[in-house]
Amino acid sequence: MTRPFVFPGLTTRVVFGHGTLEKVPDEVARLGHSRALVLSTPHQEAEAQALAAAFGPRAAGVFAGATMHTPVEVTDLAITAFRSLNADCVVSLGGGSTTGLGKAIALRTGADQVVIPTTYAGSEMTDILGETAGGEKTTRRDPAIRPEVVVYDVDLTLTLPVALTVTSALNAIAHAMEGFYAPDRNPVTEALSRDAMVAFRDALPVLIHDAKNADARAKALFAAWGCSLTLGQVTMALHHKLAHVLGGSFGLPHAETHAVLLPHTTAYNEPAVGDLLKPIADTFGEGSAGKGLWHFARSMNAPLRLADLGLTEPDLDRAADLAAKNPYANPRPVTRDGIRQLLQQAFDGQCPA
Ligand code: NAD
């Protein structure tokens with residue numbers, strides 16, 4: 001008998017392909033808008049300006065100040081620009097940082113969002129917003145946060161640096177991994193996550209030697225879509241809690257932190273979830289999901305040690321305390337000692353036992 005499930009439906013329109021950037025002005029018009037504020041990081045400002053030029057008079061302007069972890073001060077500046085330019089929607093061109101800024105504007109102004117993701121972080125299909133105020137990062141879920149349209153243009157990912165390609169993909173795999181045991185998983189998230197594992201496994205070994213390989217880029221971006229959709233529909237657990245603690249309270253870089261933690265959080269939960277992580281073990285080999293992911297990450301030259309990301313050994317006790325306080329629901333009970341041990345393994349970068 002099929003496991004009972006609820007499929008929450010899809011409210012985000014998705015356009016996927018090569019060269020789809022040129023469809024963005026039509027997508028904005030389709031939403032009934034005529035003054036788009038284009039968002040980017042400073043690093044991608046030239047691409048944002050070119051997109052605004054393609055909009056012609058339907059571009060209200062460019063705000064190129066997006067930055068990691070969505071600080072509220074930056075959101076305030078962007079909203080001032082949004083209002084003074086009489087913008088009626090936002091177009092976010094970039095990775096999770098730019099998507100986060102667009103979501104923060106949408107939540108406060110009701111603006112519609114068109115998102116053009118250029119990494120694999122997976123924020124675009126979700127109703128989740130993480131923001132930083134006074135040095136503290138908080139996360140919330142709200143239907144108003146979920147973008148109206150996502151335009152995936154494979155061509156824009158050709159410039160993604162190899163190191164970020166790998167860590168961003170492992171960030172996406174973390175969404176799928178926790179999706180496999182999420183209590184509210186559904187057959188769509190399971191099927192897309194399974195396909196995503198295979199697509200990333202096949203694409204990354206090509207991309208680390210040939211970053212502009214269009215077929216491998218298409219596979220990887222398709223995989224990122226599946227992982228993002230999963231993140232947007234199901235409840236996350238220990239892995240995302242730990243990444244949040246290390247990013248929010250210790251300032252560790254987002255994608256790299258997910259990449260280092262992933263084999264260890266997977267191995268922590270693996271004994272408690274029956275065969276739910278078997279799609280990962282089957283895809284990455286080594287007879288277990290945690291070990292398979294560690295070996296895959298190592299073969300892709302991903303960072304393996306929290307020690308290399310700026311964490312110090314004395315930080316581990318405080319991180320374990322923070323993670324064990326108000327823990328997320330998790331398949332295996334979260335104990336302070338269990339987390340401390342997991343963090344030590346991730347700090348040292350050993351293959352999980
Ligand atoms: P990022 O958006 O900060 O991008 C990293 C750098 O790479 C930036 O300088 C960016 O301009 C550059 N870049 C992006 N795409 C590029 C490309 N194709 N070519 C060249 N350079 C490119 O990094 P990220 O890992 O995508 O996002 C991290 C942020 O996303 C974090 O703040 C995290 O909390 C958030 N996030 C949120 C969710 C959610 O659902 N709310 C999900 C995942 C990540």
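This text follows the structure it describes.
In what follows, the accompanying structure is described. (Residues numbered from 1 in each chain as written. Predicted model: local features only at pLDDT ≥ 70, side-chain atom pairs only at ≥ 80, totals over all residues. Heavy atoms only, no water.)

Some words on the packing of helix H9 (residues 254–269) against helix H13 (residues 336–348)
It is at 9 Å that the axes of H9 and H13 come closest, and there the two elements cross at 140°. Regarding the angle of H9 to H13, the classification is oblique. Considering how the two elements wind past one another, H9 and H13 form a crossing that is right-handed. Contacts from Val-260, Leu-261, His-264, Thr-265 and Tyr-268 of H9 reach H13 at Gly-338, Leu-342, Leu-343, Gln-345 and Ala-346. Here the residues of the contact of H9 with H13 sort into six nonpolar, four polar and no charged. (Axes fitted to C-alpha atoms, helices over the stretch in contact; angles between N-to-C directions. Helix = DSSP H or I, 4+ residues; strand = E, 2+ residues; numbered from the N terminus. Parallel < 35°, antiparallel > 145°, perpendicular 65-115°, else oblique. Left-handed = near helix turned anticlockwise from the far one by under 90°. Contact = heavy atoms within 4.5 Å. Nonpolar A, V, L, I, M, F, W, Y, C, P; charged D, E, K, R; others polar.)

Considerations on the pattern of salt bridges
On inspection of all chains with the given rule, the structure shows twelve salt bridges. Ionic pairing is found between Arg-13 and Glu-27, a salt bridge with its closest N-O pair at 2.8 Å. One end of the pair, Arg-13, is in strand S1 (residues 13–17); the other, Glu-27, is in helix H1 (residues 24–30), and 14 residues separate them in sequence. In this structure Glu-27 comes out as buried when scored by relative accessible area, which is 5%. A salt bridge links Arg-108 to Glu-131, with the shortest nitrogen-to-oxygen separation between them at 2.8 Å. Separated by 23 residues along the polypeptide, Arg-108 in helix H4 (residues 96–109) and Glu-131 in strand S6 (residues 128–133) bring together distant segments of the chain. The buried category is assigned to Glu-131, whose relative accessible area is 5%. Sharing partners across several salt bridges, the network here consists of Asp-317, Asp-321, Arg-336 and Arg-340. (Salt bridge = Lys/Arg side-chain N within 4 Å of Asp/Glu carboxyl O. Buried < 20%, exposed > 50% of the residue type's maximum accessible area, 1.4 Å probe, protein only.)

Some thoughts on the site of the ligand
In the vicinity of the ligand there are 22 residues, among which Thr-41, Ser-97, Thr-118, Thr-119 and Thr-126 approach most closely. Here an oxygen atom of the ligand and a side-chain polar atom of Ser-97 are 2.5 Å apart. The side chain of Thr-126 places a nitrogen or oxygen atom 2.7 Å from an oxygen atom of the ligand. In the complex, the protein chains occlude 87% of the 870 Å² of accessible area that the ligand would expose alone. When residues of the shell around the ligand are assigned to their parent elements, the largest contribution, three residues, is made by H4. For the shell around the ligand, the per-class residue count stands at seven nonpolar, 13 polar and two charged. Two domains share the shell around the ligand, each providing at least three of its residues, namely domain 1 (13–157) and domain 2 (162–348). (Near = heavy atom within 4 Å. Polar contact = N/O pair within 3.5 Å; in protein donor to acceptor, adjacent residues only side chain to side chain. Areas by Shrake-Rupley, 256 points an atom, 1.4 Å probe, with all protein chains shown as cover. Domains from an automatic or database assignment.)

Overview of the sheet that holds strand S3 (residues 59–63)
Taken in spatial order, the six strands make up an open sheet running S1-S8-S5-S4-S2-S3, and their pairing is parallel. The open sheet terminates on both sides in strands that have one partner only, identified here as S1 and S3. Shown here is a sheet whose adjacent strand axes are inclined to one another by a mean of 15°, direction ignored. In terms of strand pairing, strand S2 (residues 36–39) meets strand S4 (residues 89–94) through four bridges, oriented parallel. Across the sheet, Ala-36 pairs through a bridge with Cys-89, a residue of S4. (Pairing = 2+ DSSP bridges.)

Description of the packing of aromatic side chains
Within the structure shown, the criterion is met by five aromatic pairs. Ring centres of Phe-16 and Tyr-152 lie 5.8 Å apart, and the angle between their planes is 45°; this geometry places the pair in the tilted category. Linking Phe-16 in strand S1 with Tyr-152 in strand S8 (residues 149–153), this pair joins segments that are 136 residues apart in sequence. Exposure remark for Tyr-152: the relative accessible area of 0% places this residue in the buried category. (Phe/Tyr/Trp six-rings, centres within 6.5 Å; stacked < 30°, edge-to-face > 60°.)

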